[in-house]
Amino acid sequence: MDDSKLTFLQNVLRYTASHSEETSTEEKLEREMSPERKKWLSEALDSMSINPLDEIKKCIKVAENEQDNDDRRIEAMETLRDWCEDINFAIDFHKINEYKLISNLLNDKNSEIRALTCELIGTLAQNNPYCQETLINAKFLPILFYKLDKDCDTVKVKTLFAISCLIRDYEPGQQKLLEGNSLDILVKSLSCPLEKIKIKCCFLISSICSNTAIKSALTKRKLICSLIDIYQKENHDIHEHILSAINVLIDDNPEAISQAKELENINFKQLLTDRLQNIAGDSRHDEERDMASRMKQSLFEN
């Protein structure tokens, strides 16, 4: 019995147990035949008859058909993504299709389908070492960075999700970031006007800086200068995310600390002082205030 059917039966048992209080036969019959109960059991039984692999194959067939209606293709991709949230089905998807669908749809004319394809990559790779390895070996990482550099904002957001899932806690994937211009594109993406992209870049930077080689490479690219330049701007609400990335980058990193202290056009100490004054007493900025205060003391007052 597969896991989905076992889970279903466990749910049925729990449901039955929770409704097994002693009542009259008439009352039991009335409850068992209630529309809500009847509908629930009917849908649950129907779900048992579904073959997940057959459903995945149907989704692939619809999604890869460029002559089909875009709405149907989008629905197929969304359904496929949902199936692949299960690690076993994600592995099955690779064995069925070898990522041919992904290769084709990353260049689809419809931006929503391209975005869903990036999201599918992230879903496949998330907490799944098998798919991380097979996707990296299939050389999707440089393609994703190209999309991050050149595609529309909607696709870029999902691309960052995919990149993050591909390399999170996966050393071989992180090492690939040191090849080509991937890190240059990541630093460049911080200048994107869309705050959501900036935030995701900051999260990614904070994550990959646990890798000392990547942290060193980002320091050589003077990432700290770009982050502080964004932090000094007042026309956004992501100061905390930017400061968090700065904090990770300067941690146990004398070169980045020197860069932060020696900026030509920005007095970082004064910037922190001014920012602390601006957010004083505002509970919405408690975490940023604590971080900025510690950073100022560590860098300039010890």
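A.B. asks: Can you walk me through the pattern of salt bridges in this structure?
C.D. replies: Any two side chains of opposite charge can pair, so long as their charged atoms come close to each other. Per the counting criterion, the structure on display carries 18 salt bridges. Here Arg81 makes a salt bridge to Glu119, at a shortest N to O gap of 3.4 Å. Taken together, the residues Arg81 in helix 5 (residues 70-83) and Glu119 in helix 8 (residues 111-125) connect sequence positions 38 residues apart. Side by side, Arg81 and Glu119 carry an identical accessibility label, which is buried. For Arg275, the salt bridge identified is with Glu288, shortest N-O distance 2.7 Å. With Arg275 in helix 19 (residues 268-278) and Glu288 in helix 20 (residues 286-301), this pair connects stretches of sequence that are 13 residues apart. On the basis of relative accessible area, Glu288 is assigned to the buried category, the value being 1%. Each of Arg81, Asp82, Glu119 and Lys158 takes part in salt bridges that share partners, so that together they form one network.

A.B. asks: Would you take a moment to explain the nonpolar core for this structure?
C.D. replies: For soluble globular proteins, the rule of thumb is that nonpolar side chains tend to be buried together. Leu80, Phe93, Ile102, Leu124, Leu135, Leu218 and Ile246 are the most contacted members of the largest nonpolar core, which totals 86 residues. Once you skip the residues sitting within four places of it in the chain, Leu124 turns out to touch Cys84, Ala90, Phe93, Tyr99, Ile102, Cys131 and Leu135.

A.B. asks: Explanation requested: the layout of surface pockets in the structure shown.
C.D. replies: It is a probe the size of a water molecule, rolled over the atoms, that shows where empty space is left. The computed volume of the largest pocket comes to approximately 250 Å³. Lining the largest pocket are 14 residues, with Leu141, Pro142, Lys176, Glu179 and Ser182 positioned closest to its centre. With five residues, the single largest contributor to the lining of the largest pocket is helix 10 (residues 140-150). Here the residues of the lining of the largest pocket are counted per class, giving six nonpolar, four polar and four charged.

A.B. asks: Sorry if this is basic, but what is going on with the packing of helix 14 (residues 195-208) against helix 17 (residues 239-250) here?
C.D. replies: It is at 9 Å that the axes of helix 14 and helix 17 come closest, and there the two elements cross at 20°. By the criterion of interaxial angle, the relationship of helix 14 to helix 17 is roughly parallel. The hand of the helix 14/helix 17 crossing is left-handed. Here Ile199, Cys202, Phe203, Ile205 and Ser206 of helix 14 lie close against helix 17, whose contacting residues are His241, Ile242, Ser244, Ala245 and Val248. In terms of residue class, the contact of helix 14 with helix 17 is built from seven nonpolar, three polar and no charged.

A.B. asks: Is there a simple way to think about the confidence of the model for the protein chain in this case?
C.D. replies: Low pLDDT means the predicted coordinates in that region are not meant to be read closely. Of all residues in the protein chain, 85% have pLDDT values of 70 or greater, and the mean over the chain is 88. Per-element averaging of pLDDT across the protein chain places helix 2 (residues 25-32) at the bottom with 48 and helix 8 at the top with 98.

A.B. asks: For this particular structure, what's the right way to read the packing of helix 4 (residues 52-63) against helix 6 (residues 87-97)?
C.D. replies: For any two helices packed against each other, one specifies the crossing angle of their axes together with the interaxial distance. For the pair helix 4 and helix 6, interaxial distance at closest approach is 11 Å and the crossing angle is 55°. The angle between the axes of helix 4 and helix 6 places the two elements in the oblique class. Crossing handedness for the pair helix 4 and helix 6: right-handed. Two secondary-structure elements touch here, helix 4 through Pro52, Leu53, Ile56, Lys57 and Ile60 and helix 6 through Phe89, Asp92, Phe93, Ile96 and Asn97. For the contact of helix 4 with helix 6, the residue count by class is seven nonpolar, one polar and two charged.

A.B. asks: Got a minute to help me understand helix 19 in this structure?
C.D. replies: Along an α-helix, residues three or four positions apart point the same way, because every turn accommodates 3.6 residues. Of the residues making up helix 19, those classed as buried are Phe268, Leu271, Leu272, Thr273, Arg275 and Leu276. Looking at the buried residues of helix 19, the elements they touch are helix 16 (223-231), helix 17, helix 18 (254-261) and helix 20. Two or three places before Lys269, at the start of helix 19, stands the capping residue Asn267, its side-chain oxygen 3.2 Å from that residue's backbone nitrogen.

A.B. asks: Explain the side chain of Asn253 to me, please; I cannot follow it from the model alone.
C.D. replies: Mapped onto the elements of the fold, Asn253 is located in the loop between helix 17 and helix 18. Residue contacts for Asn253: discarding those within four places in its chain leaves Lys215 and Thr219.

A.B. asks: Any chance you could explain the environment of Asn211 here in plain terms?
C.D. replies: Considering the arrangement of structural elements, one finds Asn211 in the loop between helix 14 and helix 15 (212-220). Owing to a relative accessible area of 6%, Asn211 belongs among the buried residues under this scheme. Taking the C-alpha atoms as reference, Asn211 lies 8.8 Å from Gln175; in sequence the two are 36 residues apart. Those residues in contact with Asn211 that lie beyond four places of it in its chain are Glu171, Gln174 and Gln175.

A.B. asks: Help me understand the packing of aromatic side chains in this model?
C.D. replies: Working definition: an aromatic ring pair is given by the centre-to-centre distance plus the angle between the planes. One pass over the structure, following the stated rule, counts four aromatic pairs. An aromatic cluster of at least three residues, connected via ring pairs, comprises Phe93, Tyr99 and Phe140.

Criteria and thresholds
- Residues numbered from 1 in each chain as written.
- Predicted model: local features only at pLDDT ≥ 70, side-chain atom pairs only at ≥ 80, totals over all residues.
- Heavy atoms only, no water.
- Salt bridge = Lys/Arg side-chain N within 4 Å of Asp/Glu carboxyl O.
- Helix = DSSP H or I, 4+ residues; strand = E, 2+ residues; numbered from the N terminus.
- Buried < 20%, exposed > 50% of the residue type's maximum accessible area, 1.4 Å probe, protein only.
- Core = buried A, V, L, I, M, F, W, Y, C linked by side-chain atoms within 4.5 Å.
- Contact = heavy atoms within 4.5 Å.
- 1 Å grid on protein atoms, 1.4 Å probe; cavity = no way out; pocket = protein on both sides within 12 Å on 5 of 7 lines; lining within 4 Å.
- Points joined across faces, edges and corners; volume = space filled by probe spheres on them.
- Nonpolar A, V, L, I, M, F, W, Y, C, P; charged D, E, K, R; others polar.
- Axes fitted to C-alpha atoms, helices over the stretch in contact; angles between N-to-C directions.
- Parallel < 35°, antiparallel > 145°, perpendicular 65-115°, else oblique.
- Left-handed = near helix turned anticlockwise from the far one by under 90°.
- pLDDT = per-residue confidence, 0-100.
- Polar contact = N/O pair within 3.5 Å; in protein donor to acceptor, adjacent residues only side chain to side chain.
- Phe/Tyr/Trp six-rings, centres within 6.5 Å; stacked < 30°, edge-to-face > 60°.

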